[in-house]
Amino acid sequence: MSSEINAVPVILTGDRTTGPLHLGHFVGSLRNRVALQKSHRQYVLLADAQALTDNADDPGKVRQNVLEVALDYLAVGIDPELTTICVQSALPALAELTMLYLNFVSVARLERNPTIKDEIQMRGFGRNIPAGFLCYPAAQAADITGFQATLVPVGEDQLPIIEQTNELVRRLNRQVGRELLLEAQALVPKTGRLPGVDGKSKMSKSQGNAIPLSASPSDVQAAVQRMYTDPDHLRASDPGQVEGNIVFVYLDAFDPDEEAVAELKSQYRRGGLGDMVLKRRLAGILEETIAPIRERRAELARDPDTVMDVLRAGTAKATEITNKTKELVVEGLGLFRL
Ligand code: TRP
(Lines give C-alpha, C1' and ligand atoms only; values in the text may rest on other atoms or scores of the structure.)
Protein backbone atom coordinates (compact mmCIF):
# COMPACT_ATOMS: atom_id res chain seq x y z
CA MET A 1 0.00 0.00 0.00
CA SER A 2 2.86 2.41 -0.67
CA SER A 3 0.96 4.55 -3.09
CA GLU A 4 2.03 8.14 -3.61
CA ILE A 5 -1.66 8.95 -3.58
CA ASN A 6 -3.12 9.85 -0.19
CA ALA A 7 -5.59 7.55 1.51
CA VAL A 8 -8.14 10.19 2.59
CA PRO A 9 -11.32 9.59 0.59
CA VAL A 10 -11.68 12.39 -1.92
CA ILE A 11 -14.90 13.10 -3.80
CA LEU A 12 -15.11 14.57 -7.28
CA THR A 13 -18.30 15.42 -9.08
CA GLY A 14 -18.92 17.66 -12.02
CA ASP A 15 -21.51 19.05 -14.35
CA ARG A 16 -21.32 20.03 -17.98
CA THR A 17 -22.04 23.71 -18.21
CA THR A 18 -24.76 23.58 -20.83
CA GLY A 19 -27.62 25.13 -18.88
CA PRO A 20 -28.83 25.98 -15.39
CA LEU A 21 -29.42 22.98 -13.13
CA HIS A 22 -32.87 21.60 -12.35
CA LEU A 23 -34.74 19.56 -9.76
CA GLY A 24 -33.40 16.34 -11.30
CA HIS A 25 -29.87 17.46 -10.42
CA PHE A 26 -31.07 18.48 -6.98
CA VAL A 27 -32.51 15.05 -6.16
CA GLY A 28 -29.83 13.05 -7.98
CA SER A 29 -26.74 14.80 -6.73
CA LEU A 30 -26.82 18.34 -5.34
CA ARG A 31 -28.55 17.28 -2.11
CA ASN A 32 -25.90 14.61 -1.64
CA ARG A 33 -23.05 17.00 -2.25
CA VAL A 34 -24.32 19.36 0.42
CA ALA A 35 -24.44 16.45 2.87
CA LEU A 36 -21.09 14.92 1.84
CA GLN A 37 -19.09 18.13 2.06
CA LYS A 38 -19.23 17.94 5.84
CA SER A 39 -17.53 14.56 6.07
CA HIS A 40 -15.29 14.41 2.99
CA ARG A 41 -12.84 16.42 1.01
CA GLN A 42 -14.91 17.38 -2.00
CA TYR A 43 -14.15 18.95 -5.37
CA VAL A 44 -16.85 20.05 -7.78
CA LEU A 45 -15.85 20.62 -11.36
CA LEU A 46 -17.58 23.02 -13.74
CA ALA A 47 -16.99 20.81 -16.77
CA ASP A 48 -16.94 23.43 -19.52
CA ALA A 49 -14.32 21.59 -21.58
CA GLN A 50 -16.47 18.47 -21.55
CA ALA A 51 -19.54 20.56 -22.40
CA LEU A 52 -17.72 21.72 -25.51
CA THR A 53 -17.40 18.14 -26.77
CA ASP A 54 -20.98 18.28 -28.03
CA ASN A 55 -21.46 22.04 -28.13
CA ALA A 56 -18.58 23.19 -30.32
CA ASP A 57 -21.03 25.29 -32.32
CA ASP A 58 -21.98 27.31 -29.24
CA PRO A 59 -19.00 28.07 -27.00
CA GLY A 60 -20.81 31.18 -25.79
CA LYS A 61 -23.48 29.03 -24.18
CA VAL A 62 -20.84 26.87 -22.52
CA ARG A 63 -19.02 29.94 -21.13
CA GLN A 64 -22.14 31.68 -19.91
CA ASN A 65 -23.36 28.63 -18.06
CA VAL A 66 -20.18 28.35 -15.99
CA LEU A 67 -21.52 31.22 -13.90
CA GLU A 68 -25.12 29.95 -14.01
CA VAL A 69 -24.16 26.52 -12.68
CA ALA A 70 -21.85 28.09 -10.09
CA LEU A 71 -24.83 30.15 -8.89
CA ASP A 72 -26.90 26.97 -8.64
CA TYR A 73 -24.16 25.32 -6.55
CA LEU A 74 -23.92 28.18 -4.12
CA ALA A 75 -27.69 28.66 -3.96
CA VAL A 76 -28.35 25.04 -2.91
CA GLY A 77 -25.78 25.28 -0.14
CA ILE A 78 -22.54 23.95 -1.58
CA ASP A 79 -20.20 25.84 0.70
CA PRO A 80 -16.92 27.01 -0.87
CA GLU A 81 -15.30 26.76 2.58
CA LEU A 82 -15.98 23.02 2.52
CA THR A 83 -16.09 22.21 -1.19
CA THR A 84 -13.58 23.32 -3.81
CA ILE A 85 -15.49 24.62 -6.84
CA CYS A 86 -13.31 24.91 -9.94
CA VAL A 87 -13.37 25.46 -13.70
CA GLN A 88 -12.20 22.59 -15.91
CA SER A 89 -10.85 24.60 -18.84
CA ALA A 90 -8.66 26.62 -16.46
CA LEU A 91 -6.85 23.47 -15.31
CA PRO A 92 -4.25 22.67 -17.99
CA ALA A 93 -3.02 19.58 -16.12
CA LEU A 94 -6.35 17.90 -16.88
CA ALA A 95 -5.86 18.45 -20.61
CA GLU A 96 -2.27 17.18 -20.38
CA LEU A 97 -3.34 14.05 -18.51
CA THR A 98 -6.05 13.49 -21.11
CA MET A 99 -3.49 13.55 -23.93
CA LEU A 100 -1.31 11.06 -22.08
CA TYR A 101 -4.22 8.76 -21.23
CA LEU A 102 -5.47 8.67 -24.83
CA ASN A 103 -2.43 6.57 -25.66
CA PHE A 104 -3.57 3.88 -23.26
CA VAL A 105 -7.05 3.32 -24.68
CA SER A 106 -8.04 2.13 -28.14
CA VAL A 107 -10.57 3.78 -30.42
CA ALA A 108 -12.43 0.46 -30.46
CA ARG A 109 -12.72 0.54 -26.66
CA LEU A 110 -13.94 4.14 -26.71
CA GLU A 111 -16.56 3.22 -29.30
CA ARG A 112 -17.71 0.30 -27.20
CA ASN A 113 -18.53 2.41 -24.14
CA PRO A 114 -22.32 1.96 -23.67
CA THR A 115 -22.84 5.55 -22.47
CA ILE A 116 -20.97 6.93 -25.47
CA LYS A 117 -22.88 4.59 -27.80
CA ASP A 118 -26.23 5.80 -26.40
CA GLU A 119 -25.22 9.42 -26.58
CA ILE A 120 -23.95 9.09 -30.16
CA GLN A 121 -27.32 7.66 -31.10
CA MET A 122 -29.31 10.27 -29.14
CA ARG A 123 -27.39 13.10 -30.78
CA GLY A 124 -27.46 11.50 -34.23
CA PHE A 125 -23.70 11.93 -34.68
CA GLY A 126 -23.04 8.82 -36.77
CA ARG A 127 -19.49 8.94 -38.15
CA ASN A 128 -19.46 12.73 -37.68
CA ILE A 129 -18.94 12.35 -33.96
CA PRO A 130 -16.50 14.99 -32.69
CA ALA A 131 -13.24 13.29 -31.69
CA GLY A 132 -13.39 15.15 -28.39
CA PHE A 133 -16.76 13.60 -27.64
CA LEU A 134 -15.61 10.05 -28.36
CA CYS A 135 -12.62 10.67 -26.09
CA TYR A 136 -14.44 12.27 -23.18
CA PRO A 137 -14.26 9.12 -21.03
CA ALA A 138 -10.45 9.47 -21.14
CA ALA A 139 -10.82 13.14 -20.21
CA GLN A 140 -13.12 12.22 -17.35
CA ALA A 141 -10.54 9.65 -16.22
CA ALA A 142 -8.08 12.55 -16.20
CA ASP A 143 -10.51 14.57 -14.06
CA ILE A 144 -11.04 11.78 -11.56
CA THR A 145 -7.41 10.73 -11.24
CA GLY A 146 -6.19 14.33 -11.50
CA PHE A 147 -8.02 15.15 -8.28
CA GLN A 148 -7.00 11.76 -6.86
CA ALA A 149 -10.67 11.10 -6.24
CA THR A 150 -11.80 7.70 -5.01
CA LEU A 151 -15.52 8.43 -4.69
CA VAL A 152 -17.48 9.74 -7.64
CA PRO A 153 -21.19 10.42 -7.09
CA VAL A 154 -22.84 10.13 -10.51
CA GLY A 155 -26.06 8.99 -12.13
CA GLU A 156 -26.38 5.40 -13.26
CA ASP A 157 -25.78 6.34 -16.89
CA GLN A 158 -22.23 7.38 -15.95
CA LEU A 159 -21.21 3.96 -14.59
CA PRO A 160 -19.52 2.87 -17.85
CA ILE A 161 -17.40 6.04 -17.67
CA ILE A 162 -16.18 5.13 -14.18
CA GLU A 163 -15.53 1.58 -15.33
CA GLN A 164 -13.42 2.89 -18.19
CA THR A 165 -11.61 5.21 -15.81
CA ASN A 166 -10.65 2.26 -13.66
CA GLU A 167 -9.51 0.31 -16.70
CA LEU A 168 -7.21 3.19 -17.58
CA VAL A 169 -5.96 3.34 -14.00
CA ARG A 170 -5.05 -0.36 -14.10
CA ARG A 171 -3.44 -0.01 -17.53
CA LEU A 172 -1.32 2.94 -16.38
CA ASN A 173 -0.38 1.26 -13.12
CA ARG A 174 0.74 -1.79 -15.08
CA GLN A 175 2.88 0.41 -17.31
CA VAL A 176 4.40 2.24 -14.37
CA GLY A 177 4.86 -0.97 -12.42
CA ARG A 178 3.23 0.12 -9.20
CA GLU A 179 -0.04 1.46 -7.77
CA LEU A 180 0.49 5.04 -8.88
CA LEU A 181 -3.18 5.85 -9.42
CA LEU A 182 -6.14 4.68 -7.37
CA GLU A 183 -9.31 3.19 -8.74
CA ALA A 184 -12.51 5.11 -8.05
CA GLN A 185 -15.85 3.96 -6.82
CA ALA A 186 -19.11 5.33 -8.21
CA LEU A 187 -21.76 6.47 -5.73
CA VAL A 188 -25.16 6.08 -7.34
CA PRO A 189 -28.12 7.66 -5.54
CA LYS A 190 -30.73 5.17 -4.33
CA THR A 191 -33.63 7.32 -5.47
CA GLY A 192 -32.82 6.85 -9.17
CA ARG A 193 -33.44 9.47 -11.79
CA LEU A 194 -36.27 11.94 -11.38
CA PRO A 195 -38.62 11.68 -14.36
CA GLY A 196 -39.47 14.79 -16.34
CA VAL A 197 -42.83 16.48 -15.80
CA ASP A 198 -44.08 14.70 -18.95
CA GLY A 199 -43.34 11.39 -17.23
CA LYS A 200 -41.70 10.12 -20.39
CA SER A 201 -38.01 10.20 -19.64
CA LYS A 202 -35.58 11.51 -17.09
CA MET A 203 -35.71 15.21 -16.37
CA SER A 204 -33.54 17.03 -18.85
CA LYS A 205 -33.38 20.54 -20.17
CA SER A 206 -33.04 19.34 -23.76
CA GLN A 207 -36.26 17.31 -23.42
CA GLY A 208 -38.17 20.42 -22.30
CA ASN A 209 -39.52 18.56 -19.27
CA ALA A 210 -37.39 20.12 -16.53
CA ILE A 211 -38.11 22.42 -13.60
CA PRO A 212 -35.02 24.63 -13.19
CA LEU A 213 -33.82 25.56 -9.71
CA SER A 214 -34.40 29.17 -10.74
CA ALA A 215 -38.05 28.54 -11.74
CA SER A 216 -40.54 31.25 -10.73
CA PRO A 217 -43.56 30.36 -8.57
CA SER A 218 -45.80 30.42 -11.63
CA ASP A 219 -43.37 28.17 -13.55
CA VAL A 220 -43.54 25.68 -10.70
CA GLN A 221 -47.35 25.83 -10.72
CA ALA A 222 -47.53 25.37 -14.47
CA ALA A 223 -45.10 22.42 -14.40
CA VAL A 224 -47.16 20.62 -11.76
CA GLN A 225 -50.36 21.28 -13.70
CA ARG A 226 -48.74 19.64 -16.74
CA MET A 227 -47.87 16.50 -14.84
CA TYR A 228 -49.28 13.26 -16.04
CA THR A 229 -51.23 11.31 -13.40
CA ASP A 230 -53.39 8.23 -13.99
CA PRO A 231 -55.25 8.72 -17.30
CA ASP A 232 -58.09 6.50 -16.04
CA HIS A 233 -58.59 8.52 -12.89
CA LEU A 234 -61.33 10.76 -14.26
CA ARG A 235 -63.35 11.59 -11.14
CA ALA A 236 -62.01 12.15 -7.65
CA SER A 237 -64.19 9.26 -6.45
CA ASP A 238 -62.59 6.78 -8.90
CA PRO A 239 -59.84 4.49 -7.60
CA GLY A 240 -56.51 5.62 -9.02
CA GLN A 241 -53.16 4.11 -9.86
CA VAL A 242 -50.17 5.16 -7.77
CA GLU A 243 -47.48 3.21 -9.65
CA GLY A 244 -46.08 5.23 -12.52
CA ASN A 245 -48.01 8.27 -11.33
CA ILE A 246 -45.54 11.12 -11.67
CA VAL A 247 -47.14 13.23 -8.95
CA PHE A 248 -46.47 10.44 -6.46
CA VAL A 249 -42.92 9.96 -7.76
CA TYR A 250 -42.30 13.63 -6.98
CA LEU A 251 -44.00 13.44 -3.59
CA ASP A 252 -41.74 10.49 -2.76
CA ALA A 253 -38.70 12.54 -3.76
CA PHE A 254 -39.61 15.83 -2.07
CA ASP A 255 -42.31 15.44 0.58
CA PRO A 256 -40.60 15.15 3.98
CA ASP A 257 -43.76 13.69 5.56
CA GLU A 258 -43.51 10.06 4.43
CA GLU A 259 -46.44 8.96 6.57
CA ALA A 260 -48.75 11.52 5.02
CA VAL A 261 -47.67 10.43 1.54
CA ALA A 262 -48.37 6.78 2.39
CA GLU A 263 -51.84 7.82 3.58
CA LEU A 264 -52.46 9.80 0.37
CA LYS A 265 -51.43 6.79 -1.68
CA SER A 266 -53.92 4.47 -0.03
CA GLN A 267 -56.64 7.08 -0.31
CA TYR A 268 -55.86 7.52 -4.01
CA ARG A 269 -55.99 3.76 -4.56
CA ARG A 270 -59.34 3.50 -2.76
CA GLY A 271 -60.83 6.45 -4.59
CA GLY A 272 -61.92 9.77 -3.15
CA LEU A 273 -58.75 11.78 -3.69
CA GLY A 274 -58.76 14.16 -6.62
CA ASP A 275 -55.75 15.03 -8.77
CA MET A 276 -56.24 18.72 -8.02
CA VAL A 277 -55.81 18.23 -4.27
CA LEU A 278 -52.74 16.11 -4.84
CA LYS A 279 -51.20 18.57 -7.26
CA ARG A 280 -51.87 21.46 -4.91
CA ARG A 281 -49.91 19.66 -2.20
CA LEU A 282 -47.03 18.90 -4.57
CA ALA A 283 -46.92 22.47 -5.92
CA GLY A 284 -46.69 23.71 -2.33
CA ILE A 285 -43.86 21.34 -1.47
CA LEU A 286 -41.87 22.10 -4.62
CA GLU A 287 -42.30 25.81 -3.97
CA GLU A 288 -41.02 25.31 -0.41
CA THR A 289 -37.98 23.52 -1.83
CA ILE A 290 -37.25 26.04 -4.55
CA ALA A 291 -38.14 29.33 -2.79
CA PRO A 292 -35.02 29.60 -0.59
CA ILE A 293 -32.81 28.47 -3.50
CA ARG A 294 -34.39 31.03 -5.83
CA GLU A 295 -33.95 33.77 -3.27
CA ARG A 296 -30.30 33.00 -2.56
CA ARG A 297 -29.58 32.61 -6.23
CA ALA A 298 -31.04 36.02 -7.06
CA GLU A 299 -29.04 37.57 -4.25
CA LEU A 300 -25.78 35.97 -5.45
CA ALA A 301 -26.52 36.89 -9.06
CA ARG A 302 -26.46 40.56 -8.06
CA ASP A 303 -22.86 40.11 -6.93
CA PRO A 304 -21.05 38.19 -9.70
CA ASP A 305 -17.65 39.40 -8.45
CA THR A 306 -18.02 37.33 -5.30
CA VAL A 307 -18.90 34.28 -7.38
CA MET A 308 -15.85 34.91 -9.58
CA ASP A 309 -13.68 35.12 -6.45
CA VAL A 310 -15.00 31.73 -5.34
CA LEU A 311 -14.15 30.24 -8.74
CA ARG A 312 -10.68 31.80 -8.77
CA ALA A 313 -9.84 30.55 -5.29
CA GLY A 314 -11.23 27.07 -6.00
CA THR A 315 -9.42 26.81 -9.32
CA ALA A 316 -6.14 27.89 -7.72
CA LYS A 317 -6.50 25.11 -5.16
CA ALA A 318 -7.42 22.62 -7.90
CA THR A 319 -4.39 23.68 -9.93
CA GLU A 320 -2.10 22.50 -7.14
CA ILE A 321 -3.49 19.01 -6.83
CA THR A 322 -3.97 18.41 -10.58
CA ASN A 323 -0.45 19.64 -11.38
CA LYS A 324 0.92 17.36 -8.71
CA THR A 325 -0.86 14.36 -10.19
CA LYS A 326 0.33 15.20 -13.69
CA GLU A 327 3.92 15.36 -12.38
CA LEU A 328 3.47 11.94 -10.75
CA VAL A 329 2.22 10.43 -14.01
CA VAL A 330 4.96 11.98 -16.15
CA GLU A 331 7.55 10.82 -13.64
CA GLY A 332 5.95 7.40 -13.30
CA LEU A 333 6.01 6.84 -17.05
CA GLY A 334 9.62 7.97 -17.07
CA LEU A 335 9.13 10.56 -19.77
CA PHE A 336 11.92 13.00 -20.61
CA ARG A 337 12.20 15.93 -18.23
CA LEU A 338 14.38 19.01 -18.31
N1 TRP B 1 -19.90 13.50 -17.38
C2 TRP B 1 -20.51 14.12 -16.25
C3 TRP B 1 -21.98 14.39 -16.60
O4 TRP B 1 -22.31 14.54 -17.76
C5 TRP B 1 -19.86 15.44 -15.87
C6 TRP B 1 -18.44 15.28 -15.40
C7 TRP B 1 -17.30 15.75 -15.99
C8 TRP B 1 -18.01 14.57 -14.23
N9 TRP B 1 -16.21 15.42 -15.28
C10 TRP B 1 -16.60 14.70 -14.19
C11 TRP B 1 -18.68 13.88 -13.22
C12 TRP B 1 -15.86 14.10 -13.16
C13 TRP B 1 -17.92 13.29 -12.20
C14 TRP B 1 -16.53 13.39 -12.18
O15 TRP B 1 -22.79 14.48 -15.72
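Residues numbered from 1 in each chain as written. Predicted model: local features only at pLDDT ≥ 70, side-chain atom pairs only at ≥ 80, totals over all residues. Heavy atoms only, no water.

### Some words on the packing of helix 12 (residues 258–270) against helix 13 (residues 275–301)
Piece 1. Contact geometry for helix 12 and helix 13: axes closest at 12 Å, N-to-C directions at 165 degrees. Judged on the interaxial angle alone, helix 13 and helix 12 are roughly antiparallel. Of the two elements, helix 12 crosses helix 13, and the hand of that crossing is left-handed. Facing Ala260, Leu264 and Tyr268 of helix 12, the residues of helix 13 in contact are Asp275, Leu278 and Arg281. (Axes fitted to C-alpha atoms, helices over the stretch in contact; angles between N-to-C directions. Helix = DSSP H or I, 4+ residues; strand = E, 2+ residues; numbered from the N terminus. Parallel < 35°, antiparallel > 145°, perpendicular 65-115°, else oblique. Left-handed = near helix turned anticlockwise from the far one by under 90°. Contact = heavy atoms within 4.5 Å.)

### Notes on the nonpolar core
Where a protein is soluble and globular, its nonpolar side chains tend to be buried together.
Piece 1. Residues Leu23, Ile211, Tyr250 and Phe254 are the most contacted members of the largest nonpolar core, which totals 52 residues.
Piece 2. Both domain 1 (10–194 + 303–333) and domain 2 (217–298) contribute no fewer than three residues apiece to this core.
Piece 3. With residues up to four places along the chain from it excluded, the contact list for Tyr250 reads Leu194, Pro195, Gly196, Val197, Met203, Met227, Asp255, Leu282 and Leu286.
Piece 4. Listed in part, the 27 residues of the second largest apolar core include Tyr101, Ile120, Cys135 and Val329. (Core = buried A, V, L, I, M, F, W, Y, C linked by side-chain atoms within 4.5 Å. Buried < 20%, exposed > 50% of the residue type's maximum accessible area, 1.4 Å probe, protein only. Domains from an automatic or database assignment.)

### Some points on the pairing of strand 3 (residues 83–87)
Piece 1. With 5 of 5 residues buried, strand 3 is to be regarded as a mostly interior element.
Piece 2. Taking every second residue as pointing to the same face, both faces of strand 3 are buried, with Thr83, Ile85 and Val87 on one and Thr84 and Cys86 on the other.
Piece 3. Alignment of strand 2 (residues 41–47) against strand 3, held across 5 bridges, turns out to be parallel. Within the sheet, the bridge partner assigned to Tyr43 lies in strand 3 and is Thr84. (Pairing = 2+ DSSP bridges.)

### Concerning the pairing of strand 2
Piece 1. Within strand 2, 6 of the 7 residues are buried, which leaves it mostly tucked inside the rest of the structure.
Piece 2. Pairing geometry for strand 1 (residues 10–16) and strand 2, over 7 bridges, is parallel. Across the sheet, the residue bridging to Ile11 is Gln42, located in strand 2.
Piece 3. As for the winding sense of the linkage, the β-α-β connection from strand 1 through helix 1 (residues 23–36) to strand 2 is right-handed. (Right-handed = clockwise from strand over helix to strand, strands pointing away.)

### Things to note about the domain arrangement of the protein
Piece 1. Domain annotation of the protein identifies domain 1 (10–194 + 303–333) and domain 2 (217–298).
Piece 2. With 12 residues of domain 1 in contact, the opposing surface of domain 2 contributes 9 residues.
Piece 3. Across the domain 1/domain 2 interface, buried area totals approximately 970 Å², and carbon plus sulfur atoms make up 68% of it.
Piece 4. Counting the surface domain 1 buries against domain 2, the share from its top three residues, Leu23, Ala75 and Leu194, is 51%.
Piece 5. For the pair domain 1 and domain 2, the interface holds 2 salt bridges.
Piece 6. Arg297 is the partner of Glu68 in a salt bridge, and the nearest nitrogen-oxygen pair spans 2.8 Å.
Piece 7. Across the domain 1-domain 2 interface, the total number found is 4 residue pairs in polar contact (both at pLDDT 80 or more).
Piece 8. Among the secondary structure elements, those contributing two or more residues to the side of domain 1 that touches domain 2 are helix 1 and helix 3 (59–76).
Piece 9. Here the side of domain 1 that touches domain 2 gets 6 residues from one element, more than from any other, and that element is helix 3. (Buried area = accessible area lost by both parts, 1.4 Å probe. Salt bridge = Lys/Arg side-chain N within 4 Å of Asp/Glu carboxyl O. Polar contact = N/O pair within 3.5 Å; in protein donor to acceptor, adjacent residues only side chain to side chain.)

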